Amino acid sequence: FGLNRSVPKTMSPRTFFSLGTSFQKNIGLDRQTITGMIDYKWEYNNKKTIQLEVFNTQYVRNLNVGSYFNIFNSEFQKLEEIAPIFDSNFQLSQNDDSPLELMDLILNDTNFQTSNPEEYSENLNILDRYNIITSDFLIPTIAYSFTYNNQTNFQDNNFSFFKVRLANSGNLLGVVNKARNENNRRTSFGIPLAQYFKTDIEYKKFWNTNSNSVFGIRTFLGAIFAYDNSDIPFIKSYFAGGSNDIRAWQTYDLGPGRRANGLEFNIGSLKFLTSAEYRFNMFGSLNGALFVDAGNIWNINNTSILNNEERFRGFDSLQDIAIGSGFGFRYDFSFLILRLDLAFKMHEPYLSNKRWFQNYNFSNAVYNIGINYPF
């Protein structure tokens, strides 16, 4: 690489080549991913690291598209409400192509659009989400990352960490390949091309309060913008909830925005997350923690999905921030940490009236089991 001549050996430059494939079974639509990557990384000094992903391409293929309405049962239930309004004799089933047939019939019925605009719009939203989640994607990415970390060693608990990553997918191939599919989206070898810009910013700070306790904060902000009529691949979208996220909600269970009736897997194109955690030793290798997590996801791209509750609305969206708190136990095996966190919902933005402490109890607590610290 030409970079070898411009980066001195004292900066420990290294090039990483990777080629692999993975299969995901029994989760979602049984996804196969093929990935090829060339990654160049060097240490500007002992605190700053620069990374260039000069070639990072993924091919994502869904193997179990026919099970979509079994997995996303909430979408099927919405179609069950629309079907008798459109045609009382229409036979709808989760185990055949009837949901797709119904959505196509409604989409091309201008009379139904005029007489039942809400149902027509809901049908369009369901169809759009179906197309996004079930679509195969080619994701050719180039990215730049800058990391600042002044931690001296693994025992150092008084340090700062900052990372920014800028990524672009599909720009080069979008120029070279002029082919488009029936939805006017760029394709390469007949595969829809993911075209987007994505920015992730993360900051962490830790303080040693005494020899046996640490206080830490973490903030994350990320946004992804599609262009040239492209959709954002499901695997590149943001989600909220889980053992390393907003722990009072399960993975994919929160958002976008203040939408009350979410899907089985909720995703967005904008994410904000912040956490504070106090870690202390209880006795021996058993440690405890008290924590607060806050954040949410929103949609910021202009799509035909018209649910305004999902959209980011500037400062008004601060009302959509979900807040959870709780406590946890961590057992230090020296080579890893086994973690159990109990989290409680403090502020639930999707509730219609009282949003604070309505489900703040053990019966609605979320139990998270994890390996190592959440951040």
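The structure we're discussing is the one just above.
Residues numbered from 1 in each chain as written. Predicted model: local features only at pLDDT ≥ 70, side-chain atom pairs only at ≥ 80, totals over all residues. Heavy atoms only, no water.

Draft legend 1. Looking closely at the side chain of aspartate 30. By the secondary structure assignment, aspartate 30 is in the loop between β1 (14-23) and β2 (31-43). Residue aspartate 30 is classed as buried on the basis of its relative accessible area, which comes to 10%. (Helix = DSSP H or I, 4+ residues; strand = E, 2+ residues; numbered from the N terminus. Buried < 20%, exposed > 50% of the residue type's maximum accessible area, 1.4 Å probe, protein only.)

Draft legend 2. Broad picture of the environment of alanine 83. When you line up the elements, alanine 83 lands in helix α3 (residues 73-86). For the pair alanine 83 and glycine 190, spaced 107 residues apart in sequence, the C-alpha separation works out to 33 Å. Those residues within four positions of alanine 83 in sequence are excluded, and the remaining contacts are Ser88, Leu92 and Leu102. (Contact = heavy atoms within 4.5 Å.)

Draft legend 3. Up close: the packing of α3 against helix α6 (residues 117-134). Between α3 and α6, the least distance of the axes is 10 Å, while the angle of their chain directions is 145°. Two packed elements cross with a definite hand, and for α3 against α6 that hand is left-handed. Judged by residue contacts, Glu75, Lys78, Leu79, Ile82 and Ile85 of α3 engage Glu119, Glu122, Asn123, Ile126 and Arg129 from α6. Residue composition of the contact of α3 with α6, by class: 4 nonpolar, 1 polar and 5 charged. (Axes fitted to C-alpha atoms, helices over the stretch in contact; angles between N-to-C directions. Left-handed = near helix turned anticlockwise from the far one by under 90°. Nonpolar A, V, L, I, M, F, W, Y, C, P; charged D, E, K, R; others polar.)

Draft legend 4. Spatial organisation of empty space enclosed by the protein. Applying the stated criterion to the full structure yields 1 cavity of 30 Å³ or more. The computed volume of the largest cavity comes to approximately 60 Å³. Lining the largest cavity we find Arg31, Val60, Asn62, Ile132, Ile133, Ser135, Phe137, Pro233, Phe234 and Ile235. Residue assignment for the lining of the largest cavity shows that the elements contributing at least two residues are β3 (48-62) and α6. Classifying every residue of the lining of the largest cavity by side-chain character gives 7 nonpolar, 2 polar and 1 charged. (1 Å grid on protein atoms, 1.4 Å probe; cavity = no way out; pocket = protein on both sides within 12 Å on 5 of 7 lines; lining within 4 Å. Points joined across faces, edges and corners; volume = space filled by probe spheres on them.)

Draft legend 5. Structural view of the pairing of strand β11 (residues 286-298). Where burial is concerned, most of β11 is hidden: 10 out of the 13 residues are buried. Pairing of strand β10 (residues 270-283) with β11, which is carried by 13 bridges, proceeds in the antiparallel orientation. Residue pairing for β11: phenylalanine 272 is matched across the bridge by asparagine 296. Pairing of β11 with strand β12 (residues 322-332) involves 10 bridges; the strand directions are antiparallel. Bridged to alanine 289 within β12 is glycine 328. (Pairing = 2+ DSSP bridges.)

Draft legend 6. Structural detail: a negative patch on the surface. On the surface, a cluster of negative charge is contributed by Asp96, Asp97, Glu101 and Asp104. Taking the relative accessible area as the measure of exposure, aspartate 104 reaches 43% and is therefore partly exposed. (Patch = residues over 30% accessible without salt bridge, like charges linked within 9 Å, V, L, I, M, F, W, Y side chains within 5 Å. Areas by Shrake-Rupley, 256 points an atom, 1.4 Å probe, with all protein chains shown as cover. Salt bridge = Lys/Arg side-chain N within 4 Å of Asp/Glu carboxyl O. Lys, Arg positive; Asp, Glu negative; His and termini not counted. Charge placed at Lys NZ, Arg CZ, Asp CG, Glu CD.)

Draft legend 7. How the structure looks around unusual backbone geometry. Residue glycine 255 is joined to proline 256 through a cis peptide bond whose omega torsion reads -5°. By the secondary structure assignment, proline 256 is in the loop between β9 (213-226) and β10. Its identity as a non-glycine residue notwithstanding, serine 12 has a phi of 50°, on the positive side. Relative to the elements of secondary structure, serine 12 occurs in the loop between α1 (3-6) and β1.

Draft legend 8. Region of the structure containing the pairing of strand β14 (residues 366-371). Residues Val366, Asn368 and Gly370 point to one face of β14 and are all buried, whereas Tyr367, Ile369 and Ile371, pointing to the other face, are not buried. When strand β13 (residues 337-347) meets β14, the two strands line up antiparallel, connected through 6 bridges. Bridge pairing in β14 places leucine 340 opposite isoleucine 369.

Draft legend 9. α3, seen in detail. Taking 1.5 Å per residue, 14 residues should reach 20 Å; α3 reaches 20 Å between its end C-alpha atoms and fits that length. Buried residues along α3 sit against α2 (68-71), α4 (98-107), α5 (110-115) and α6. (Expected span 1.5 Å × (residues − 1).)

Draft legend 10. Broad picture of the sheet that holds β9. Read from one edge of the open sheet, 12 strands run β1-β2-β3-β4-β5-β8-β9-β10-β11-β12-β13-β14, paired in antiparallel fashion. In this open sheet, the two edge strands, each paired with only one partner strand, are β1 and β14. With strand direction ignored, the average angle separating the axes of adjacent strands in the sheet is 15°. Sheet topology places strand β8 (residues 196-210) next to β9; 14 bridges connect them, and they run antiparallel. Each residue of the ladder has a partner; that of glutamate 202, found in β9, is phenylalanine 220.

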